[in-house]
Amino acid sequence: MSSGEQQFRESLRSFRWASSSNNANISTSKSTPFSRLAENTSNFFGSVGNRVQGYLPLTNNGEQEDEWFTLTRWQRLVGFGILFASGALCFIIAFISLPLLAIKPRKFAVTYTMGSLLILSSFALLYGPFAHLRHMISRERLPFTIAYIGSMATTLYFAIG
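From a predicted model like this one, the values you see are computed outputs, not experimental measurements. (Residues numbered from 1 in each chain as written. Predicted model: local features only at pLDDT ≥ 70, side-chain atom pairs only at ≥ 80, totals over all residues. Heavy atoms only, no water.)

## A word on the environment of Tyr127
Mapped onto the elements, Tyr127 comes out in helix 5 (residues 105–127). The class for Tyr127 is partly exposed, based on a relative accessible area of 37%. Distance in space between the C-alpha atoms of Tyr127 and Arg76 is 8.6 Å, their sequence separation being 51 residues. (Helix = DSSP H or I, 4+ residues; strand = E, 2+ residues; numbered from the N terminus. Buried < 20%, exposed > 50% of the residue type's maximum accessible area, 1.4 Å probe, protein only.)

Pasting the structure below:
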């Protein structure tokens, strides 16, 4: 058996795709630290994938937002990542412009508010817009939601107007 074939069989064994009868032919005496690291890493990420597989965010009542689930989990995660990174970038720009707050308050207010809206949108995309809205206006969170959105609106009003 060639060394390439042996490595291929070892990689199959680490993903548990090969049957146990095929694994009996593989000798483990040539395992290197790199191959053990690769095997441990693939086992770890394989188990994480198995634990995460089938996860669907649910609303408070245990109902799924069927119309929202036309997006795949990967598409929601990518959208979440893009919106979250964009919001973080807006926060960074806002904090860089913080020393200029007395001269140009509009720049800080707009970038900070835009960052907040993008972060809120990213979580709405991840959980579903209606589930996220229901969560935000729940009895326990409603005062904080009103204060947060009110402060963003007031900041924009006074900075732009």
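## Let's talk about the packing of helix 5 against helix 6 (residues 129–136)
Contact geometry for helix 5 and helix 6: axes closest at 6 Å, N-to-C directions at 120°. As the angle between them shows, helix 5 and helix 6 are arranged oblique. Here helix 5 contributes Leu120, Phe123, Ala124 and Tyr127 to the contact with helix 6, which in turn contributes Pro129, Ala131, His132 and Met136. Classifying every residue of the contact of helix 5 with helix 6 by side-chain character gives seven nonpolar, one polar and no charged. (Axes fitted to C-alpha atoms, helices over the stretch in contact; angles between N-to-C directions. Parallel < 35°, antiparallel > 145°, perpendicular 65-115°, else oblique. Contact = heavy atoms within 4.5 Å. Nonpolar A, V, L, I, M, F, W, Y, C, P; charged D, E, K, R; others polar.)

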